[in-house]
Amino acid sequence: MRKTEAVFYADTYHPIQAGSIDGTDTLPHDSAVYRAWLCSSAALYDPSGDPKLIGDPYCTLFVARLSPLTTENTLRQAMSKYGRVKNLRLVRHIVTGASRGYAFVEYETEREMRRAYKEAHHSLVDDYEIIVDYNRQQLMPGWIPRRLGGGFGGKKESGQLRFGGRERPFRAPIRIPYDDLEKLGIPPPPEGRYMSRYQDPSPPRRKRSSVDGEEGTHRRSMDREANIRKSNPADNDDRFHKRSMDEDYHSSRRSSDESAQRHHSRSSRDREGGTHRRSMDREANIRKSNPGDNDDRFHKRSMDEDYHSSRRSSDESAQRHHRRSSRDREGGTHRRSTDRETSMPKSSPVDKEESFRKRSMDQEDRSFKRNSIETEEFHRSRRSVDTEERSHKRSSRDRDERSHKRHKSRHYERSTSYDRS
């Protein structure tokens, strides 16, 4: 992405930033921006205090640049292509009743609103190209309307343009004054995370909790069942009978599986008990038959048990040593990383500005050296051309002088020969 195509959009509204083409101004450049800044700093405007605001802001769109002849029915018909319109309010003049050229359209769902936000932008309604944006009055922090000097509109002829919106985004700045922006409470541009001017910014989403998600899923399932029941009662009875049969089948299958598991566990315990009992009986019979061999076998078995117990303890100690060494290695690695992080200097806005200034100075030095080399090559080529021209002129002048001398000598010889004769 080229630097000229890199843009970014405002997430929060600040009047001074909105009046800047790259979002880095720290002083108001016209009286309207100054008036909007006063309203914002003194909290004179309350976005939620408008009594005409109704409906869900996350399902509402702002439609502007409408024709003065566009009516509510025409606009409803045009916006119904993208979803079900729940409510529509065309803003009119309080005295004359004429259209002000913008309206608010509320959809049934947030998905339909997002579809209209993406597809209805720059569409034609009554031969006028409209613009579509989300309801910034209720969803954008710090919003100031156009009538108080804010907004994102404006005309180029008046010199009071506002930047940062969907139609006129901020351009990527060359230099960012982090300290001045921080003093005024202006969010700095997202350096390194710019967007292309051909990408659409996404409207804000509703914050959902896990309880809301479960309630929405349960509500959708209940609505689906109610719609199915309304569609055909006979089919609903068949489905209910089939569902009950499936539930009975699954419950019987589950009970049979549980009984099979209990039988398997009981049979395994019985087999283990029978094996242990047979081994004990065999040992008792052997001891009764030959006491000496029984002592040898007992001594050999005890030695085997000691050997296996020592082997098991050594394996356990080796595993504990391995775990301890792995924990020590992890602890050492974490300690070295934390020491490295603490030893490294933390970057601050001042350091960022100094590094940016140093990079810009290096770039200026390289460009100056490049320009000086180019100028030297140009002058060298110009001198060579001038030298060739002078040599060419000198040679032509010498040829003219020699030809003139030859002509003069010939004329003199002719005149002397004529006098002699």
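You'll find the structure just up there.
All values reported here derive from a predicted model rather than from experimental measurement.

**Student:** Report on the overall build of the chain, specifying residues and quantitative values.
**Tutor:** Scanning the chain from N- to C-terminus turns up 10 helices and 9 strands. For the chain, the proportion of its 421 residues judged to be buried stands at 25%. Counted over contacts in the chain with a minimum sequence separation of 6, partners at least 24 positions apart contribute 66%. Taken as a whole, the chain presents about 31,800 Å² of accessible surface, with 51% of it coming from carbon and sulfur.

**Student:** Would you mind going over the pairing of strand E4 (residues 99-107) in detail, with residue names and values included?
**Tutor:** When a strand is regular, its side chains alternate between the sheet's two faces. A large share of E4 lies buried, amounting to 7 of its 9 residues. Taken together, the 5 bridges between strand E2 (residues 60-64) and E4 define a ladder with antiparallel strand orientation. Along E4, the bridge assignment pairs Phe62 with Phe104. Pairing analysis gives 6 bridges linking strand E3 (residues 85-92) to E4, with the strands arranged antiparallel. If you follow Val85 over to E4, its bridge partner there is Tyr107. With antiparallel pairing between neighbouring strands as the criterion, E3 and E4 make up a hairpin whose turn holds 6 residues, including Gly97 at a positive phi of roughly 80 degrees.

**Student:** Can you lay out a positive patch on the surface for me, pointing to particular residues and giving the numbers?
**Tutor:** A grouping of Arg399, Arg402, Arg406, Arg410 and Arg414 is seen on the molecular surface, where their side chains present a positively charged patch. Along the chain, the position of Arg399 falls in helix H10 (residues 349-420). Arg399 gets classed as partly exposed once you look at its relative accessible area, which sits at 45%.

**Student:** Please provide a residue-by-residue account of the sheet that holds E3, values included.
**Tutor:** Strand order across the open sheet formed by 4 strands is E3-E4-E2-E7, with antiparallel pairing between neighbours. The sheet is open, and its two borders are formed by E3 and strand E7 (131-134), each paired with just one other strand. Adjacent strand axes in the sheet meet at a mean angle of 25 degrees when their direction is disregarded. The sheet contacts of helix H3 (residues 72-79) involve E2, E3 and E4, and relative to E3 the element is tilted by about 140 degrees.

**Student:** I'd love a proper account of unusual backbone geometry, names of residues and values included.
**Tutor:** Unusually for a residue other than glycine, Ala43 sits at a positive phi of about 55 degrees. Tracing the sequence through the fold places Ala43 in the loop between helix H2 (31-41) and E2. One non-glycine residue, Asp126, lies in positive phi territory at about 55 degrees. For Asp126, the position within the fold is in the loop between strand E5 (124-125) and strand E6 (128-129).

**Student:** I'd love a proper account of H2, names of residues and values included.
**Tutor:** Three or more residues of H2 are buried, namely Ala32, Val33, Ala36 and Cys39. Each buried residue of H2 sits inside an arc of 120 degrees when the element is viewed along its axis, so together they form one side. Across H2 from its buried face, at more than 90 degrees, point the exposed residues Ser31 and Ser41. The inward-facing, buried residues of H2 abut helix H1 (15-18). For H2, the N-terminal capping position is held by Asp30, with its side-chain oxygen 3.2 Å away from the main-chain nitrogen of Ala32. Looking at the residues trailing H2, positive phi occurs at Ala43, about 55 degrees.

**Student:** Could you give me a rundown of the environment of Glu72, with the residues and numbers involved?
**Tutor:** When you line up the elements, Glu72 lands in helix H3. Separated by 17 residues in sequence, Glu72 and Arg89 have C-alpha atoms that sit 7.6 Å apart. In this structure Glu72 touches Leu88, Leu90 and Arg92, once residues within four positions along its chain are discounted.

**Student:** Quick rundown of the sheet that holds strand E1 (residues 6-8)? Include the residues and the values.
**Tutor:** Ordered in space as E8-E1-E9, the 3 strands form an open sheet in which the pairing is antiparallel. If you trace the sheet from one side to the other, it starts and ends with strand E8 (170-171) and strand E9 (195-196), each paired once. Looking at chain direction, E1 and E9 are connected through 2 bridges and run antiparallel. Its bridge partner being in E9, Val7 is matched across the sheet by Met195.

Reading the values: rules and limits
Residues numbered from 1 in each chain as written. Predicted model: local features only at pLDDT ≥ 70, side-chain atom pairs only at ≥ 80, totals over all residues. Heavy atoms only, no water. Helix = DSSP H or I, 4+ residues; strand = E, 2+ residues; numbered from the N terminus. Buried < 20%, exposed > 50% of the residue type's maximum accessible area, 1.4 Å probe, protein only. Contact = heavy atoms within 4.5 Å. Areas by Shrake-Rupley, 256 points an atom, 1.4 Å probe, with all protein chains shown as cover. Pairing = 2+ DSSP bridges. Patch = residues over 30% accessible without salt bridge, like charges linked within 9 Å, V, L, I, M, F, W, Y side chains within 5 Å. Salt bridge = Lys/Arg side-chain N within 4 Å of Asp/Glu carboxyl O. Lys, Arg positive; Asp, Glu negative; His and termini not counted. Charge placed at Lys NZ, Arg CZ, Asp CG, Glu CD. Axes fitted to C-alpha atoms, helices over the stretch in contact; angles between N-to-C directions. Arc of directions from axis to C-beta. Polar contact = N/O pair within 3.5 Å; in protein donor to acceptor, adjacent residues only side chain to side chain.

Purely spatial values, then, with no claim about function.
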